[in-house]
Amino acid sequence: MDLTNAALVTHGGCMDGSGCAIVFCAAGGKKENVFYAPPGKGDAAVEELLSWQGPIFIADISVSKEFALSAKFESDFVVLLDHHKSALPLVEIPWCEIEEENNRCGSKMLYDWFVKRKVGNQNRLLKYEKLVTAIDDRDRWIHNVEESAILSDLHGCIRSE
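The structure presented is a predicted model; accordingly, all values stated were derived computationally and were not measured. (Residues numbered from 1 in each chain as written. Predicted model: local features only at pLDDT ≥ 70, side-chain atom pairs only at ≥ 80, totals over all residues. Heavy atoms only, no water.)

A.B. asks: Go over unusual backbone geometry, please, and point to the residues and values.
C.D. replies: Non-glycine residue Asn102 carries a positive phi angle of around 55 degrees. With respect to the secondary-structure elements, Asn102 resides in the loop between strand S5 (96–98) and helix H4 (106–117). According to the relative accessible area criterion, Asn102 is partly exposed, its value standing at 30%. The phi angle at Lys118 is positive, at roughly 55 degrees, despite the residue not being glycine. Along the chain, Lys118 falls in the loop between H4 and helix H5 (122–125). The exposed category is assigned to Lys118, whose relative accessible area is 67%. (Helix = DSSP H or I, 4+ residues; strand = E, 2+ residues; numbered from the N terminus. Buried < 20%, exposed > 50% of the residue type's maximum accessible area, 1.4 Å probe, protein only.)

Below, the structure is given as structure tokens:
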């Protein structure tokens, strides 16, 4: 799968959403094809991409079940990856992969999805494993990775919107 024409919709303003953008770009996606949405605004953000011609990744943010059931994408490929409880109604939607037990944050889900399927530039992507682990540690409140606190403080200074 070629990611140069892919789009990513992710959670704006949080370290996990920023991590999704980093993973997407590391794998070969373009920075200008990353779209950020605040929580609860997934439907509107994804609706803007219904006519997108390339692959669409939605990570660390969700859409409503009603939207998921009615959406008519022009893209041949759409996947939603989310770990939030608000995404649980989407578990039966074929193009949605929901982490029901919250064992991975959105960045880790997207990273694992690319690695497992060997999508994108694997050599570049694999260099971000430690970053993804630190984001996962902080986002899921594990706090076992010392660097995750520093990373969180840094993100607080430069967070994406």
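A.B. asks: Kindly report on the packing of aromatic side chains, identifying the contributing residues and their values.
C.D. replies: Taken as a whole and assessed by the stated rule, the structure comprises 8 aromatic pairs. A centroid spacing of 5.5 Å and a plane angle of 55 degrees characterise the contact between Phe77 and Trp113, whose relative ring orientation is tilted. In this pair, Phe77 sits in the loop between helix H3 (65–70) and strand S4 (78–82) while Trp113 sits in helix H4, placing the two residues 36 residues apart along the sequence. Residue Trp113 is classed as buried on the basis of its relative accessible area, which comes to 6%. (Phe/Tyr/Trp six-rings, centres within 6.5 Å; stacked < 30°, edge-to-face > 60°.)

A.B. asks: Report on helix H1 (residues 15–27), specifying residues and quantitative values.
C.D. replies: Compared with the 18 Å implied by 1.5 Å per residue over 13 residues, the 18 Å span of H1 between its first and last C-alpha is a close match. Buried residues dominate H1, accounting for 11 of its 13 residues. Within the span of H1, buried status applies to Met15, Asp16, Gly17, Ser18, Gly19, Cys20, Ala21, Val23, Phe24, Ala26 and Ala27. (Expected span 1.5 Å × (residues − 1).)

A.B. asks: Quick rundown of H4? Include the residues and the values.
C.D. replies: Along its 12 residues, H4 runs 17 Å from first to last C-alpha, staying within 8% of the 16 Å computed at 1.5 Å per residue. When we look at burial in H4, the residues that qualify are Gly106, Ser107, Met109, Leu110, Tyr111, Trp113 and Phe114. Backbone geometry just downstream of H4 places Lys118 in the positive-phi region, at approximately 55 degrees.

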